[in-house]
Every structure is written in C-alpha cells, then in structure tokens.
Amino acid sequence: SRRRAIDVDALAEAVRSGERAALARAITLVESTRADHRDLAQRLLLRLTPDAHSSETATVSNRVGITGVPGVGKSTFIDALGMDLIGKGHRVAVLAVDPSSTRTGGSILGDKTRMARLSVERNAYIRPSPTAGTLGGVAKATRETIVLLEAAGYDVILVETVGVGQSEVTVANMVDVFCFLTLARTGDQLQGIKKGVLELADLVAVNKADGKHEMEAKSAARELAGALRLIHPHDALWRPPVLTMSGLEGLGLDKFWDTVLEHRRVLTDAGEFDEKRRRQQIDWTWTMVHDQLLRRLADNPRVKAVRAQVEKQVREGTLTAALAAEELLRAFDTH
Ligand code: GDP
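Just so it is clear, the structure is predicted and the values come from calculations on it, not from any experiment.

Enquirer: Would you mind showing me how to read the overall build of the chain here?
Expert: Counting its regular elements, the chain contains 14 helices and 7 strands. By principal-axis analysis of the C-alpha atoms, the chain measures approximately 65 × 55 × 40 Å. When the 335 residues of the chain are sorted by exposure, 42% land in the buried category. For the chain, the share of sequence-separated contacts (at least 6 apart) that also reach a separation of at least 24 residues comes to 74%.

Written as structure tokens, this is what we have:
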C-alpha cells in the first residue's frame, strides 16, 4: 500500500479553505478502517471541530435528514431543493446512509448521476454512502464527514437514507430535523407506512403532488396529519406538519424549507436546539462504546474458545441462559 505521510495540520487548513480535493481526501481518511488512518482522522477532526468556548460556537449549519422508499422522489427533490438553496447563497452537501448498497449492489444513494444539476454546482458537494459494511461503520463515517463539510463551509447538510433496517433511526440521530417523504396513500395503504418512521419524523411531505395526483396528495396529507396527531401530544414542543410538494415541478419547496427553519426556531427558542446536538454527541459516544465492546467480545479468543461448548450446554438444557451469559462474560473479563 501507498504510505505517504499525511500532514494533519496542512490538511485541516486546506479543508477549511474549501479545497475540494483536500475535502475528498479528508473524507476518505475518516471512511478508512486502517488503524493508522483512524488515528490521523481523529486528530484531523479535533482540529476541525468547533470549540465550545471559541467564537466559532454559533452553529450556522442546518442538518436535514431525508428518508423515503426508492422511487418516492428523493433525488429529484434534493436536486431541486439544493438548487434553490444555492440560489439563496447557501452551500449544500448531500450525504447518503445506505448500508444495503454494498450487499444488494442496487442503486447507490447519493450517486451523482441522480442529481444532475446539483452535481455540477461549485457550491454543492455530493458524497455517496460509504460502502464499509455495517450500519455502525457507515454512521460513524457519515457523522465525521458532517464535521468536515461544515468546516469546509457547507451550511446545508442533507443526509439521505432509505428505510432499510435501522438506518432511519441512525440518520434521525445525526440531524437537526428528520423529514419523511411519502406518496399519496389513504385508508389501508396508510397501514403500510412503518409506524416507527412516523414517530421519528419532524416533517412529513407527500411528494409528487402534481398533475392529476394533486387532489389525491392533499387528502392523503389530511389523513396523515390525523395519524400524526395521535402520536404527538397537544402540548408537544413541535407537532410535525404534513406538507404536499412536487420535487419534479418545484412546488412546495419554499414551504418545505420555511418549515425546516421554523422547526429550528421553535427548538432554539425553547433552548432545545443546541441541547439536541449535544445529546446526540453523548448518545453517539455510548453507541460506539457498545459497538466496540460487542466487537471485542466477539473477537476475544477466550470467548471463542468456550463459546461452542457453552452454547451446546444451553441447547441441551444443562446450563441456564443466565449462567451461560455469566460464563461467557467471565471468559471475556479474565486478563
Ligand atoms: P428516489 O429513488 O427516491 O431518489 O426517486 P427519484 O428522484 O429517482 O424519482 C423516481 C421517479 O419518480 C423518477 O422517474 C422521477 O422522474 C419521478 N419523480 C420524482 N419526483 C417526482 C414528482 O415530484 N412528481 C412526479 N410526477 N414524478 C416524480
């Protein structure tokens, strides 16, 4: 392998000054699983993370999660919204969390060809999902990439995901506002929407509300609003609104963005905005501790050595599950 020394200070400076090539190198570094890269990546992130006591504290970025099944119109919408925002002077980054893309070989979220206009914009940066296996790994790389993008001056971070497994929860936990895109569905079709995603959503948008589908979309939105009212109490700080829009025709995009800003304003006024970000950092810390403990447990040679025997005894009923768990943990604990 090519081993060229990486000058972390120089790289941090180049990222800050907005050099695209440097940003790409930095992102590759945080995506890398090589031990020496991981170490360098953390040093880089420390340099680029705004210090809570410095003047950089003022958070200017908006981190927006966008989920919806394939075909709902995510990339069309992101392309249109992104262009609007660039027109208003923003710099827009698009990231994807799609741990399934490696397994299925299917369409990769964040694939540049899916956002034809945005992908050639100087003020846009599109990065497809890292293909490094587990959701935990993808989430870590994505969170760290957000830090890099913000340091490079991107003030709108759009994180796209499809509802595979836990990916929605993962993305909801790394953004300020989580948006669920859906198509016009009523009655029984509403049941098909995962309840979990409605609980996570801060904003719901019925997309493709254009042409002959417009009325349908409006009545679907009313039904969805009813379903959401059951989830969120009357006195909740924020009750997720249901919008209708068309990414293709560019309808409802202003309203969408106004709602994102309104959500931010409501949380900020209640002192919850910065608190939410801080809480996400703490949660993330513990998620990594859990993930690494599990990995160490699975890789531990002493655990491996007793594992088959312990499982056999549980199967045969000569050992209870609780005693088996104790034995495995004892093997792990022994130094
Ligand atoms: P994604 O898989 O969620 O990213 O969906 P795409 O953006 O690739 O869109 C899937 C299909 O729906 C494409 O054929 C789009 O042209 C179409 N489409 C996307 N947005 C709209 C919309 O707002 N209205 C209509 N009528 N079609 C749309």
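Enquirer: So what exactly am I meant to see when it comes to the nonpolar core here?
Expert: Most often, soluble globular proteins have nonpolar side chains that are buried together. Among the nonpolar cores identified, the biggest contains 49 residues, and Val15, Leu23, Leu44 and Leu148 are the most heavily contacted of them. Ignoring any residue separated from it by four or fewer positions in sequence, one finds leucine 148 in contact with Val15, Leu23, Ala26, Ile27, Val30, Leu44, Leu45 and Leu48. In terms of nonpolar packing, the next biggest core, distinct from the first, is built from 28 residues, Ile86, Val94, Ala124 and Leu253 among them.

Enquirer: What should I look at first to understand the sheet that holds strand 3 (residues 124-127) in this one?
Expert: Sheet strands line up and pair through hydrogen bonds in the backbone, either parallel or antiparallel. With parallel pairing, the 7 strands of this open sheet are ordered in space as 3-2-4-1-5-6-7. Each edge of the sheet is formed by a strand with only one pairing partner; in this case those strands are strand 3 and strand 7 (242-244). Averaged over all adjacent pairs, the angle separating strand axes in this sheet is 20 degrees, with direction ignored. With 4 bridges connecting them, strand 2 (residues 92-97) and strand 3 associate as parallel partners. Residue pairing across strands places leucine 95 opposite arginine 127, the latter belonging to strand 3. Along the sheet face, helix 4 (residues 74-87) touches strand 1 (62-67), strand 2, strand 3, strand 4 (156-161) and strand 5 (177-182) and points at about 180 degrees away from the line of strand 4.

Enquirer: Help me out: how do you make sense of empty space enclosed by the protein in this one?
Expert: Sizing a probe to match a water molecule and rolling it over the atoms shows the empty space that remains. Following the criterion strictly, the structure yields 1 cavity of 30 Å³ or more and no others. The volume enclosed by the largest cavity comes to roughly 50 Å³. Around the largest cavity, the lining residues are Glu31, Leu95, Ala96, Arg127, Pro128, Pro130, Ala141, Thr142 and Thr145. Only strand 2 and helix 6 (135-151) provide two or more residues apiece to the lining of the largest cavity. Top contributing element to the lining of the largest cavity by residue count: helix 6, with 3 residues. Grouping the constituent residues of the lining of the largest cavity by class yields 5 nonpolar, 2 polar and 2 charged.

Enquirer: How do you make sense of the packing of helix 4 against helix 11 (residues 253-269) when you look at a structure like this?
Expert: Relative placement of two packed helices is described by the angle separating their axes and the distance separating the axes. One way to put it is that helix 4 packs onto helix 11 with a least axis distance of 10 Å and a crossing angle of 75 degrees. Considering their axes alone, helix 4 and helix 11 lie roughly perpendicular with respect to each other. Packed against helix 4, whose contacting residues are Phe77, Ala80, Leu81, Asp84 and Leu85, the element helix 11 presents Leu253, Asp254, Phe256 and Trp257 at the interface.

Enquirer: Which parts of the structure should I look at to understand the layout of surface pockets?
Expert: For the second largest pocket, the calculated volume is near 640 Å³. Surrounding the second largest pocket, 29 residues form its lining, Leu135, Gly136, Gly137, Lys140 and Asp291 being those nearest its centre. Contributing elements (two or more residues each) for the lining of the second largest pocket: helix 2 (20-31), helix 3 (35-48), helix 6, helix 7 (167-172) and helix 12 (273-299).

Enquirer: I'm lost on the site of the ligand in this one. Help?
Expert: Lining the immediate environment of the ligand, one finds 15 residues, of which Gly71, Lys74, Thr76, Arg114 and Asp210 sit closest. Note that an oxygen atom of the ligand is positioned 2.8 Å from one of the backbone N or O atoms of glycine 71. In the model, an oxygen atom of the ligand is placed 3.2 Å from a nitrogen or oxygen of the serine 246 side chain. For the ligand, whose free accessible area comes to 570 Å², the fraction covered by protein is 70%. Class assignment for the residues of the shell around the ligand results in 4 nonpolar, 7 polar and 4 charged.

Enquirer: Even after reading the chapter, I still don't get a nonpolar patch on the surface, so can you show me in this structure?
Expert: A cluster of nonpolar side chains, contributed by Ile282, Trp286, Val289 and Leu293, occupies part of the molecular surface with about 400 Å² of accessible area. Following the sequence through the fold, tryptophan 286 ends up in helix 12. A relative accessible area of 52% places tryptophan 286 in the exposed class.

Enquirer: Teacher, can you tell me more about unusual backbone geometry here?
Expert: With the exception of glycine, most residues fall at negative phi, and the peptide bonds are largely trans. Positive phi outside glycine occurs at lysine 208, with the angle close to 60 degrees. According to the relative accessible area criterion, lysine 208 is partly exposed, its value standing at 36%.

Enquirer: I would appreciate a short explanation of the environment of leucine 148 in the present structure.
Expert: Mapped onto the secondary structure, leucine 148 falls in helix 6. Leucine 148 gets classed as buried once you look at its relative accessible area, which sits at 0%. Leucine 148 sits 117 residues away from glutamate 31 along the chain, and the two C-alpha atoms are 12 Å apart.

Enquirer: Honestly, helix 4 in this entry has me stumped. Any pointers?
Expert: For an α-helix the count is 3.6 residues per turn, leaving residues at separations of three or four pointing the same way. The end-to-end C-alpha separation of helix 4 is 20 Å, in line with the 20 Å expected for 14 residues at 1.5 Å each. Burial runs high along helix 4: 10 of the 14 residues are buried. Among the residues of helix 4, Lys74, Ser75, Phe77, Ile78, Asp79, Ala80, Leu81, Gly82, Leu85 and Ile86 are the ones counted as buried. Residues of helix 4 that are buried sit in contact with strand 1, strand 2, strand 3, strand 4, strand 5 and helix 11. At the C-terminal side of helix 4, glycine 89 shows a positive phi close to 100 degrees.

Reading the values: rules and limits
Residues numbered from 1 in each chain as written. Predicted model: local features only at pLDDT ≥ 70, side-chain atom pairs only at ≥ 80, totals over all residues. Heavy atoms only, no water. Helix = DSSP H or I, 4+ residues; strand = E, 2+ residues; numbered from the N terminus. Buried < 20%, exposed > 50% of the residue type's maximum accessible area, 1.4 Å probe, protein only. Contact = heavy atoms within 4.5 Å. Core = buried A, V, L, I, M, F, W, Y, C linked by side-chain atoms within 4.5 Å. Pairing = 2+ DSSP bridges. Axes fitted to C-alpha atoms, helices over the stretch in contact; angles between N-to-C directions. 1 Å grid on protein atoms, 1.4 Å probe; cavity = no way out; pocket = protein on both sides within 12 Å on 5 of 7 lines; lining within 4 Å. Points joined across faces, edges and corners; volume = space filled by probe spheres on them. Nonpolar A, V, L, I, M, F, W, Y, C, P; charged D, E, K, R; others polar. Parallel < 35°, antiparallel > 145°, perpendicular 65-115°, else oblique. Near = heavy atom within 4 Å. Polar contact = N/O pair within 3.5 Å; in protein donor to acceptor, adjacent residues only side chain to side chain. Areas by Shrake-Rupley, 256 points an atom, 1.4 Å probe, with all protein chains shown as cover. Patch = residues over 30% accessible without salt bridge, like charges linked within 9 Å, V, L, I, M, F, W, Y side chains within 5 Å. Salt bridge = Lys/Arg side-chain N within 4 Å of Asp/Glu carboxyl O. Expected span 1.5 Å × (residues − 1).

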